[in-house]
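# Descriptive analysis of the structure
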Amino acid sequence: MSKLKSGSNLEKVLKAGHFAFTGECGPPKGANVAHLKEKFKYLKGNVDAVNITDNQTAVVRMSSMAGSALMIQEGLEPNFQMVCRDRNRLAIMSDILGAYALGIRNILCLSGDHQTFGNHPEAKNVHDIDSMQLIALVKKMRDQGKFMNGEDIDVPPKMFIGAACNPFADPYEYRVYRLANKITAGADFIQTQCIFNMDKFRDFMKKVVDMGLHEKCYILAGVTPMKNAGMANFMSKYVPGMDIPDSLVKRLKGVDKRDQSEEGIRFALEQVEEFKGMEGVAGVHMMAIEWEHMVPEIAERAGVLPRPVV
Amino acid sequence: MRLSYPADVKIIQVPCTGRVDILHLLNAIEDGADGVYVAGCLEGECHYIEGNLKARRKVEYVKRTLTELGIEPERVQMYNLSSAQGARFAEIANEMVSQIRELGPSPVKKNNAA
Amino acid sequence: MIVADRKSLQEILAMVEDDKEILIAGCKGCVTVCNAGGLKEVEILASSIKIARKKQGKDIDIEIEVLERQCDNEYIAGISEKVGNYDAVISLACGIGPQFLSEMYPDQTFYPGVNTTFLGGATQHGVWEERCAGCGTCAIHDFGGLCPIARCAKSLMNGPCGGSSQGICEVNKEIVCIWDLIVRKKMEAGKLADLMGVKGVKNWKSARHGGPRKSIREELVQGNI
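None of these values were measured; they are calculated from a predicted model.

Looking only at helices and strands, chain A has 11 helices and eight strands in total. Its C-alpha atoms give chain A a radius of gyration of 19 Å, near enough to 19 Å, the size a compact globule of 310 residues would have. C-alpha extents for chain A along the principal axes are approximately 60 × 45 × 40 Å. Residue burial in chain A is summarised as follows: out of 310 residues, 52% are buried.

See the structure below:
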């Protein structure tokens, strides 16, 4: 990891040894550029890169590629997300080239939540290749300059390759091996699913460090501040892959409704503080979805401002 | 026991209600019966172990079919009793007949000239 | 085998709404095994249609026939004498049956009486589950004898995804996460190493994606194809 692979801001921040702080932004359910630019305002300067989701939970929104391109126009760095659910290998490779051409330098390779969760459950899904194969594909395109079929690429896309990791899914014992596989496949950085069960995450990170995975790849811990007890409840029941301990729900319910959001933020800040010192954790991925306007305050209180300029 | 039950009931004897088929019940309705019921042994006491349980599942299937066809599912029923319960037998017959009278003649017969 | 579910009576009745003489053709193959289109089901359907018609005050003549298989011209040739006698024919065979019939008897109308769903087997009496996606390049031995193409909702070759929870697929509680089973089997057998690395991308050409398929046994074909 001596030469820069993509030259993205996120890569430079991590390489320089800083504690990275990334954010997330959900595109609009329409072509509402103004609304999207509003969200960017809160994130600009407060994070190293911003994930822009790709039909998340299979709900149709403006494409991640378009959102990323608009983001670049506004002076922020996007982390372009790509799901395997909606594209075959042709569209995938084509989109990667297009993304690079538009100035995008970070890509997060995902499988995608099943379309039955979303607002068009009768759709056909694709899954021509899976997220593991996608990581390997992007690496091949970047490092070998070749398409999947071995043909040369006319100006290869030099992307910083990211992948997701869910330490809370089952089988738990296998998750660290799956992470190892993603790193072998070519993942440069990992963003975990949002963490609420700190005990389980601490245990998971021990395994990660034991296997030396943190030395081969930058691991960012996912944090989502809970707005209220209702949100905790909702996520626990309807969002796939969540592990929300009763203790957190109790903590949120234990305060007055008006104070629940502050309590949620307090919990998130405690997490960030612990992650700063946790071995193997290279940064935090703050997913304040539909709460982007809180990011400046959270970043300030978390002590991660100002963001390093590299 | 010399208890009486309505003459409107025609009895078809089977060695076990497990022998009753979905088609038997449907054919009865098709041929104009206002109602059909299956009287099997008490659950857990079937001489052939599960015949009466199978009969119940078939009766449920026929009820679903009748509902799909816009016919009252109550026209087909499953009852359980022991062969020693003569009084219960008469009671069931009376119950079924009064229920069917309330429902009226089968809609299958209504328009059938025959 | 091929699993199918009979269409609703409402749908079937609408198909033959204006017909006065019909044939219901069953099949002794797969649909008999999954209790969707064998002799019993044919008789039940015939009786149900008659009940519906009588209720409307209308009549209908229904004949029934259960063929050995409807996916073989040899067997469907058996109804050539009478097939023209009806206004329409309802086939309770899987989707293959009415198509073969339509090809052999182009002047007759064949309605599909069942919705053909998947390739699977009976896990218990009365319950059938999908097992095979017909991908054309079987590699279940790479996955401990379990097929992720057919049994993973996302057909992952490097699973499980992050939505696998307590052995259950994120799509619904009824679906077992096949990757959970594959991983546990490998872990218990001490063969976790088999899952390390990246399984190569699938060649979907041999699956339905490559276009409708044909299978030929040259040693059996007489004359030209």
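Bringing the domain arrangement of chain C into the picture now. We note that the domain assignment places domain 1 (2-118) and domain 2 (133-205) within chain C. The straight-line distance from the C-alpha centre of domain 1 of chain C to that of domain 2 of chain C is 38 Å.

A few words on the environment of A46 of chain C. All names here are of chain C. Along the chain, the position of A46 falls in helix α3 (residues 39-56). Once the C-alpha coordinates of A46 and I24 are considered, the two residues, 22 residues apart in sequence, prove to be 7.3 Å apart. With residues near it in sequence (within four places) discarded, A46 still touches I24, I62 and I64.

So, about the interface of chain B and chain C. Listed by partner, the interface residues are 15 residues for chain B and 15 residues for chain C. Counting residues per element, the side of chain B that touches chain C draws most heavily on helix α1 (residues 22-30) of chain B, at six residues. Here the side of chain B that touches chain C is built from residues that sort into eight nonpolar, five polar and two charged.

For chain C, the average pLDDT comes to 96, and 100% of its residues sit at 70 or higher. As a predicted assembly, this complex carries a pTM of 0.92 together with an ipTM value of 0.92.

Time to look at the packing of α1 of chain B against helix α2 (residues 51-68) of chain B. When two helices pack together, their arrangement is given by the angle between the helix axes and by the axis-to-axis distance. Residue and element names in this part refer to chain B. Put simply, α1 and α2 touch, their axes get as near as 9 Å, and they point 40° apart. Taken together, the axis directions place α1 and α2 in an arrangement best described as oblique. For the pair α1 and α2, the crossing hand works out as right-handed. Together, I22, L25 and L26 of α1 and K58, Y61 and V62 of α2 make up the contact between the two elements.

Hydrogen bonds between backbone groups are what pair the strands of a sheet, and the pairing can be parallel or antiparallel. All names here are of chain A. Around the barrel, eight strands lie side by side as β1-β2-β3-β4-β5-β6-β7-β8; this closed barrel has parallel pairing. Adjacent strand axes in the sheet meet at a mean angle of 30° when their direction is disregarded. Pairing analysis gives three bridges linking strand β2 (residues 50-52) to strand β3 (residues 78-83), with the strands arranged parallel. Counted as the bridge partner of N51 is N79 from β3. Lying on the sheet, helix α5 (residues 131-144) is in contact with β4 (106-110) and β5 (160-165); it crosses β4 at an angle near 150°.

Let us look at the arrangement of the chains. Most contacts, among the two pairs of chains that meet, fall between chains A and C. For the non-touching pair chain A and chain B, the nearest C-alpha separation works out to 26 Å.

Right, let's get into the interface of chain C and chain A. Listed as interface residues are 27 residues of chain C and, on the opposing side, 25 residues of chain A. Its residues placed into classes, the side of chain C that touches chain A shows 14 nonpolar, nine polar and four charged.

All names here are of chain A. With 13 residues, helix α4 (residues 89-101) extends 18 Å between its outermost C-alpha atoms, agreeing within 8% with the 18 Å of an ideal straight helix rising 1.5 Å per residue. Buried residues of α4: I92, M93, I96, A99 and Y100, and no others. The buried residues of α4 all sit within an arc of 125° when viewed along its axis, so they share a single face. More than 90 degrees from the buried face of α4, the exposed residues found are L90, S94 and A101. Buried-residue contacts for α4 involve α3 (64-73), β3, β4 and α5. Looking at the residues trailing α4, positive phi occurs at G103, about 100°.

With that out of the way, let us pick up the pairing of strand β4 (residues 88-91) of chain C. Residues and elements named next belong to chain C. In this structure, strand β2 (residues 21-27) lies alongside β4, joined through four bridges in parallel fashion. Note on β4: the bridge partner recorded for I24 is I90. The pairing of β4 with strand β5 (residues 110-112) spans three bridges and is parallel. Looking across to β5, one finds that V89 is bridged to F110. For the crossover from β4 across helix α5 (residues 96-104) to β5, the handedness is right-handed.

Proteins that are soluble and globular tend to have nonpolar side chains buried together. Ranked by internal contacts, the top residues of the largest apolar core, which has 104 residues, are I107, C109, I135 and V138 of chain A. Look past the residues within four positions of V138 of chain A in its chain and what remains in contact with it is I96, I107, C109, M159, I161 and G186 of chain A.

Structural remark: α-helix, 3.6 residues per turn; residues separated by three or four positions point the same way. Residue and element names in this part refer to chain A. Among the residues making up helix α11 (residues 295-302), those that are buried are V295, I298, A299 and A302. All buried residues of α11 fall inside an arc of 100° around its axis, so they share one side. One or two positions beyond α11, positive phi appears at G303, with a value near 75°.

For the rest of this paragraph, the subject is the pairing of strand β6 (residues 114-124) of chain C. All names here are of chain C. Sheet analysis places strand β1 (residues 2-6) next to β6, joined by five bridges and oriented antiparallel. What sits directly across from I2, in β6, is L119. Taken together, the five bridges between β6 and strand β7 (residues 127-132) define a ladder with antiparallel strand orientation. From the neighbouring strand, L119 faces β7, where its bridge partner is C132.

This next bit is on the sheet that holds β7 of chain C. All names here are of chain C. The antiparallel open sheet is built from three strands, whose spatial order is β1-β6-β7. The open sheet has two edge strands with one neighbour each: β1 and β7. Within the sheet, the average angular offset between the axes of one strand and its neighbour, ignoring direction, is 70°.

Criteria and thresholds
Residues numbered from 1 in each chain as written. Chains lettered and ligands numbered in written order. Predicted model: local features only at pLDDT ≥ 70, side-chain atom pairs only at ≥ 80, totals over all residues. Helix = DSSP H or I, 4+ residues; strand = E, 2+ residues; numbered from the N terminus. Rg over C-alpha atoms; globule rule 2.2 N^0.38 Å. Buried ≥ 20, exposed ≤ 12 C-beta atoms within 10 Å, placed from the backbone. Domains from an automatic or database assignment. Contact = placed C-beta atoms within 7 Å. Nonpolar A, V, L, I, M, F, W, Y, C, P; charged D, E, K, R; others polar. pLDDT = per-residue confidence, 0-100. Axes fitted to C-alpha atoms, helices over the stretch in contact; angles between N-to-C directions. Parallel < 35°, antiparallel > 145°, perpendicular 65-115°, else oblique. Left-handed = near helix turned anticlockwise from the far one by under 90°. Pairing = 2+ DSSP bridges. Expected span 1.5 Å × (residues − 1). Arc of directions from axis to C-beta. Right-handed = clockwise from strand over helix to strand, strands pointing away. Core = buried A, V, L, I, M, F, W, Y, C linked by C-beta atoms within 7 Å.

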